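Residue strings, one per chain:
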Amino acid sequence: MTQLRHVLLVEDSESAIDDICLWLDEENYHVTVARGLDEARELFQQKHFHAAIVDISLAPNDKQNIDGYRLIQWINSQPVLKDVLPCIVLTGYERDDLAAEGMGRLPVKFWVRKNLNYSKELVEALSATFGESVRINFALGYDDNGEEALSRIAGHVGWPEGVEKPDERILVEEIRDLLGKQFRNAARIYFNELTKGLSGAAVIKVRAKWGNDYGPAYVFKIGRRDKVQTEFSNYEENVEHFLPANTAAGAQVVYSGHLGAIQYKFAEDANKPLREFDEFFQREPVERVTSALRSLFDDTCRYWYASPDPEFKNLITLYYKALNLDEAKLTTRIRQFLHEFDPAEPQMSLPHEPAALINPLYWLQMNRDHCTVKVYHSISHGDLTGRNVFVTDQGHCWLIDFYRTYRSHLLRDFVILETDIKYRLLPELFQKAGHPEAYSWDEYWAMEKSLRYGELSNVRERLPEVCKAAETLLTMRSLANDLMVKYHRDGDNIRRQMLLSRLVTHLNVTRLKHVEPRYKLWALATAGRICEELDQLPPPR
């Protein structure tokens, strides 16, 4: 199905409307008419357009009226229209002053005078605008059930709480635009939906047909325009020139209204496709999983971690900022699954614990001054979950999704991936095995004991999924320790940083919407146990 080319005509003359609609209909444009400034603004809220044709004067016989020009100024001030909606100006009057300004800093591509034979000039101007500014492949075809998938993809794009999400029909049209912009010269595309991103993005894997055959696969991530802009900026600043070749995908970005899309291209062998780390962790033996993690931290990320900067920082403040946390937010989320929780109480009681545990929020209030230590800053991915790591059959790792990639604590990636494995990947492993209830508190606590004491004896007799996760996490902790001892000589400082970073990331689990309440309780219990370990350390020097 050929995608429609939507044009908004803003014109107050009925005779001009009839003529222009006839001319553009013959050229297969889909035209919507607004007869004034307010109506045009309202239509922009309700529909999706690729270009606008605007008459400068929207009042009959009033040479001083410039409502159409004011509309173009308004378009240029709207984040969802700026830089993506080109305009053509129509006028029956000489307005060289406006023409000079409009063609300079406003989105005006052509200035057309209403003379006796302006139809040809207008049609040519619109054709040039679509070819040079809109730049969408409107004839792009979708294989399989691609058309039906567009509404699901639109539904996967998250929106901030308290902010109204745009109409799904508008988002579907914008997704068509994004695909048409990215694959301008392709005949068709085949795509399948990947698991939606944890940060509110839709993710698809796309293969385009160029000529007679299909090319390699791309990962195409669709999200809010502002988030895609941030991610691409982080990619250019912190990824493009820092990660080794064949470790970070090449990125390209396109925008359309409310949405943006960033495309990641992998240098993969077509016969050996990449897999998400989620799938790799679920299907491969632990030896291959731990080998892939060594490749990830020692090879893929090595330049990020190679030259960290020393600085005295409060680790709690650092991680609260990185994870967008505060005490009030954590208290609200914890009370959703533990109603009687009080952050001002020194201890807390949990359903599965026979004795009270240290309340981690109270502990942080009392010990914040002891959390300022000498740390090392390096570039970190910032959202290193299993969905943002892709693995080849040889165990080589690639990274995507750089929305949170910037300089931060050296351990940030390690501790985020640890909680992702504990509270998302491991439950999914039991789910896929058909016995989710088997991941019990006893199994979890056996794993925690193994991690605390650094050996596997506590899980040898446990379920294989738990043993696999424990060995994976112990490998990660060993890699993290190896990295820390390169830069720190104070063993207590290393231990403090490891515990504090784990403490805050385990508290962060309590607010994650994709984590079940019982696992949030387990994470809160672990946070309390971490406070016990911190109390055993001497004060920082």
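Now for a quick tour of the structure. Keep in mind the model is a prediction, meaning the values are calculated, not measured. (Residues numbered from 1 in each chain as written. Predicted model: local features only at pLDDT ≥ 70, side-chain atom pairs only at ≥ 80, totals over all residues. Heavy atoms only, no water.)

Attention now moves to the overall build of the protein chain. A tally of regular secondary structure across the protein chain gives 19 helices and 19 strands. Each of the three principal axes of the protein chain carries a C-alpha extent, and together these read 90 × 55 × 45 Å. A buried classification covers 57% of the 541 residues belonging to the protein chain. Sequence-distant contacts in the protein chain: of pairs separated by 6 or more residues, those separated by 24 or more amount to 71%. Accessible surface, the protein chain: about 23800 Å² in total, of which carbon and sulfur atoms supply 46%. (Helix = DSSP H or I, 4+ residues; strand = E, 2+ residues; numbered from the N terminus. Buried < 20%, exposed > 50% of the residue type's maximum accessible area, 1.4 Å probe, protein only. Contact = heavy atoms within 4.5 Å. Areas by Shrake-Rupley, 256 points an atom, 1.4 Å probe, with all protein chains shown as cover.)

Turning to the packing of aromatic side chains, a few remarks are in order. Throughout the structure, instances matching the rule amount to 25 aromatic pairs. Residues Phe44 and Phe49 carry aromatic rings whose centres are separated by 5.7 Å and whose planes lie at 85° to one another, so their mutual orientation is edge-to-face. Considered together, Phe44 and Phe49 belong to a single accessibility category, that of buried residues. An angle of 70° between the planes, with centres 5.0 Å apart, marks the rings of Tyr519 and Trp522 as edge-to-face. Within this pair, Tyr519 and its partner Trp522 are both found in helix H19 (residues 517-535), separated by 3 residues, close to a single helical turn. On the accessibility criterion, Tyr519 (3% relative accessible area) is buried. The class of Trp522 is buried, set by a relative accessible area of 5%. Among the aromatic residues, those joined into a ring-pair cluster are Tyr423, Phe430, Tyr439, Trp441, Tyr444, Trp445, Tyr519 and Trp522. The ring centre of Tyr403 lies 4.7 Å from the NZ or CZ of Lys227, which sits over that ring. (Phe/Tyr/Trp six-rings, centres within 6.5 Å; stacked < 30°, edge-to-face > 60°. Lys NZ or Arg CZ within 6 Å of the ring centre and 35° of its normal.)

What follows deals with the sheet that holds strand E9 (residues 213-224). Read from one edge to the other, the open sheet built from 6 strands follows the order E6-E7-E8-E9-E11-E10, with strand pairing classed as mixed. Every interior strand has two partners, whereas the edge strands, strand E6 (141-142) and strand E10 (250-256), have only one. Sheet strands touched by helix H7 (residues 168-182): E6, strand E7 (188-193), strand E8 (202-210), E9, E10 and strand E11 (259-265). Its angle to E10, the strand with the most contacts, is close to 135°. (Pairing = 2+ DSSP bridges. Axes fitted to C-alpha atoms, helices over the stretch in contact; angles between N-to-C directions.)

When we look at burial in helix H13 (residues 327-335), the residues that qualify are Leu330, Thr331, Arg333 and Ile334. Of the surrounding elements, those touching the buried residues of H13 are helix H12 (315-323), helix H14 (360-367), helix H18 (491-509) and H19. Among the residues of H13, the N-terminal cap falls to Asp326, whose side-chain oxygen and the backbone nitrogen of Ala328 are separated by 3.1 Å. (Polar contact = N/O pair within 3.5 Å; in protein donor to acceptor, adjacent residues only side chain to side chain.)

Here we take up the environment of Glu11. Along the chain, Glu11 falls in the loop between strand E1 (6-10) and helix H1 (14-26). Glu11 sits 46 residues away from Ser57 along the chain, and the two C-alpha atoms are 8.2 Å apart. Glu11 has contacts with Ala16, Ile17, Ala34, Arg35, Asp55, Leu58, Leu90 and Lys114, leaving out every residue within four places of it along the chain. Reaching out from Glu11, the side chain makes a polar contact with the backbone nitrogen of Ser13 at a distance of 3.0 Å. A polar side-chain atom of Glu11 sits 2.7 Å from a polar atom in the side chain of Lys114.

One ladder, built from 7 bridges, connects E10 with E11; its direction is antiparallel. Opposite Tyr255, over in E11, you have Gly260 as the bridge partner. Taking the residues between adjacent antiparallel strands as the criterion, E10 and E11 are bridged by 2 residues, where Gly257 takes a positive phi near 65°.

Okay, the packing of helix H10 (residues 286-300) against helix H17 (residues 464-485) next. The relative placement of two packed helices comes down to the angle between their axes together with the axis-to-axis distance. At a closest axis distance of 10 Å, the pairing of H10 and H17 adopts a crossing angle of 25°. In terms of orientation, H10 and H17 fall into the roughly parallel class. Of the two elements, H10 crosses H17, and the hand of that crossing is right-handed. The segment H10 lies against H17, with Val286, Val289, Thr290, Leu293, Arg294, Phe297 and Asp298 engaging Lys468, Glu471, Thr472, Thr475, Met476 and Leu479. (Parallel < 35°, antiparallel > 145°, perpendicular 65-115°, else oblique. Left-handed = near helix turned anticlockwise from the far one by under 90°.)

A few words on the packing of helix H2 (residues 37-46) against helix H3 (residues 67-77). The contact between H2 and H3 brings their axes to 9 Å, and the two run at 30°. What the angle tells us is that H2 and H3 run roughly parallel. Relative to H3, H2 is oriented so that their crossing is right-handed. Contacts from Leu37, Ala40, Arg41, Phe44 and Gln45 of H2 reach H3 at Asp67, Arg70, Leu71, Trp74 and Ile75. For the contact of H2 with H3, the residue count by class is 6 nonpolar, 1 polar and 3 charged. (Nonpolar A, V, L, I, M, F, W, Y, C, P; charged D, E, K, R; others polar.)

The next point concerns the sheet that holds strand E16 (residues 372-380). An order of E13-E16-E19 is seen for the 3 strands of this open sheet, with the pairing classed as antiparallel. Two strands close off the open sheet at either side, each with one partner strand: strand E13 (309-314) and strand E19 (406-409). Strand-to-strand twist across the sheet, computed as the mean angle between neighbouring axes with direction ignored, equals 45°. By the bridge criterion, 4 bridges tie E16 to E19 in an arrangement that is antiparallel. Across the sheet, residue His377 finds its bridge partner in E19, namely His409. Each of E16 and E19 is contacted by H18, which is oriented at about 65° to E16, the strand it contacts most.

Looking at the element boundaries, Asn508 is found in helix H18. Once residues within four sequence positions are removed from consideration, Asn508 is found in contact with Leu323 and Leu325.

A few words on the nonpolar core. The biggest cluster of nonpolar side chains holds 109 residues, and the ones touching the most others in it are Leu296, Phe297, Met447 and Leu503. Among the elements that take part in this core, H17 stands out by supplying 11 residues, more than any other. Not counting residues within four places of it along the chain, the set of residues in contact with Leu503 comprises Pro360, Trp363, Leu364, Ala527, Ile530, Cys531 and Leu534. Membership of the second largest hydrophobic core comes to 26 residues, among which are Leu140, Leu179, Tyr218 and Phe220. (Core = buried A, V, L, I, M, F, W, Y, C linked by side-chain atoms within 4.5 Å.)

What follows deals with the pairing of strand E2 (residues 30-34). Sheet topology places E1 next to E2; 5 bridges connect them, and they run parallel. Across the sheet, Leu9 pairs through a bridge with Val33, a residue of E2. Considered for its hand, the β-α-β crossover made up of E1, H1 and E2 is right-handed. (Right-handed = clockwise from strand over helix to strand, strands pointing away.)

Let us look at the state of the cysteines. Inspection of the entire model under this criterion finds 0 disulfides. Cys397 supplies the cysteine sulfur nearest to Cys301, a cysteine that is in no disulfide, at a spacing of 8.5 Å. You can call Cys301 buried: its relative accessible area is 0%. Here Cys371 stays free of any disulfide, with the sulfur of Cys531 as its closest cysteine sulfur at 9.2 Å. (Disulfide = S-S within 2.5 Å.)

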